[in-house]
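Observations on chain architecture
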Amino acid sequence: AQTVTQSQPEMSVQEAETVTLSCTYDTSESNYYLFWYKQPPSRQMILVIRQEAYKQQNATENRFSVNFQKAAKSFSLKISDSQLGDTAMYFCAFKGYTGNQFYFGTGTSLTVIP
Amino acid sequence: GAGVSQSPSNKVTEKGKDVELRCDPISGHTALYWYRQSLGQGLEFLIYFQGNSAPDKSGLPSDRFSAERTGGSVSTLTIQRTQQEDSAVYLCASSQDRRANEKLFFGSGTQLSVL
């Protein structure tokens, strides 16, 4: 079975600073996808960024980037130039090529301080 | 529709009553997922639909939980004889198909409170 672990329940960062959210996962599959989702107070989760495991290059989306370490099964999210609108719960997720489920971590609550 | 719609947004019920939660996915999305989010927990998988069929029901916690999808569109999650431990946010998500890299589009969820 796949497991996703987020060891930081809460984090805070000053506006305009950089913050890194950690995620580790466990799987026996060799082909899979990893995701970071953001859940604001409205509860509607939105995709922040995704990484294909067979790609060595780390994904980037504007101020968001990942550090994907396949051997270590680590997938951290870096948010640069943090903005007040980044305040939300962030979930790391895994999806194997086989199977139907997306597996989610327990989330990290991020607060951006003005 | 423009996005995934869930209703009701909030539901308060008494222990032992039945509840129905509705999800209206994005038009044309064949894959539909139900997840449960409890306080301090991650998202717990409940069921997956591909079209009208449910090839994966492995996450349904008991036989009090059931779900159906009709016309390849709207899905209903039914909880019979609700218990206090059923209190949670129930999230629905859809995607264009079941390819692993497909982006999930989530609704805003139904907050269920069982008194």
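Our structure's up above, just so we're on the same page.
So, here's what we can say about the structure. (Residues numbered from 1 in each chain as written. Chains lettered and ligands numbered in written order. Predicted model: local features only at pLDDT ≥ 70, side-chain atom pairs only at ≥ 80, totals over all residues. Heavy atoms only, no water.)

**Section: the interface of chain B and chain A**
Often, the extent of an interface is quoted as the loss of accessible area upon association of its parts. Residue-level contacts link 28 residues of chain B with 21 residues of chain A. Surface buried jointly by chain B and chain A totals about 2,000 Å² across both partners, of which 49% is contributed by carbon and sulfur atoms. The interface formed by chain B and chain A holds zero salt bridges in total. Summed over the shared surface of chain B and chain A, the result is nine residue pairs in polar contact (both at pLDDT 80 or more). Taken together, the residues of the side of chain B that touches chain A break down into eleven nonpolar, 13 polar and four charged. (Contact = heavy atoms within 4.5 Å. Buried area = accessible area lost by both parts, 1.4 Å probe. Salt bridge = Lys/Arg side-chain N within 4 Å of Asp/Glu carboxyl O. Polar contact = N/O pair within 3.5 Å; in protein donor to acceptor, adjacent residues only side chain to side chain. Nonpolar A, V, L, I, M, F, W, Y, C, P; charged D, E, K, R; others polar.)

**Regarding the state of the cysteines**
All names here are of chain A. A complete count under the given rule lists two disulfides over all chains for this structure. Note that Cys23 is cross-linked by a disulfide to Cys92, the S-S spacing being 2.0 Å. Judged by the sign of its S-S torsion, about -70°, the cystine formed by Cys23 and Cys92 is left-handed. Taken together, the positions of Cys23 in the loop between β3 (19-21) and β4 (24-26) and Cys92 in strand β10 (residues 88-96) put the pair 69 residues apart, joining distant regions of the chain. Taken as a pair, Cys23 and Cys92 share a single burial class, namely buried. (Disulfide = S-S within 2.5 Å. Helix = DSSP H or I, 4+ residues; strand = E, 2+ residues; numbered from the N terminus. Buried < 20%, exposed > 50% of the residue type's maximum accessible area, 1.4 Å probe, protein only.)

**Digging into the nonpolar core**
Ranked by size, the top nonpolar core spans 25 residues in total, and within it Tyr25(A), Trp36(A), Phe75(A), Leu77(A) and Tyr90(A) carry the most contacts. When contributions to this core are tallied by element, the ones reaching two or more residues are β3, β5 (32-39), β6 (46-52), β8 (64-69), β9 (74-79), β10 and β12 (108-113) of chain A. Here Leu77(A) is in contact with Val19(A), Thr20(A), Leu21(A), Trp36(A), Val48(A), Ile49(A), Phe64(A), Ser65(A), Val66(A) and Tyr90(A), once residues within four sequence places are set aside. Residues Tyr35(B), Leu43(B), Val89(B) and Phe106(B) belong to the second largest nonpolar core, which totals 20 residues. (Core = buried A, V, L, I, M, F, W, Y, C linked by side-chain atoms within 4.5 Å.)

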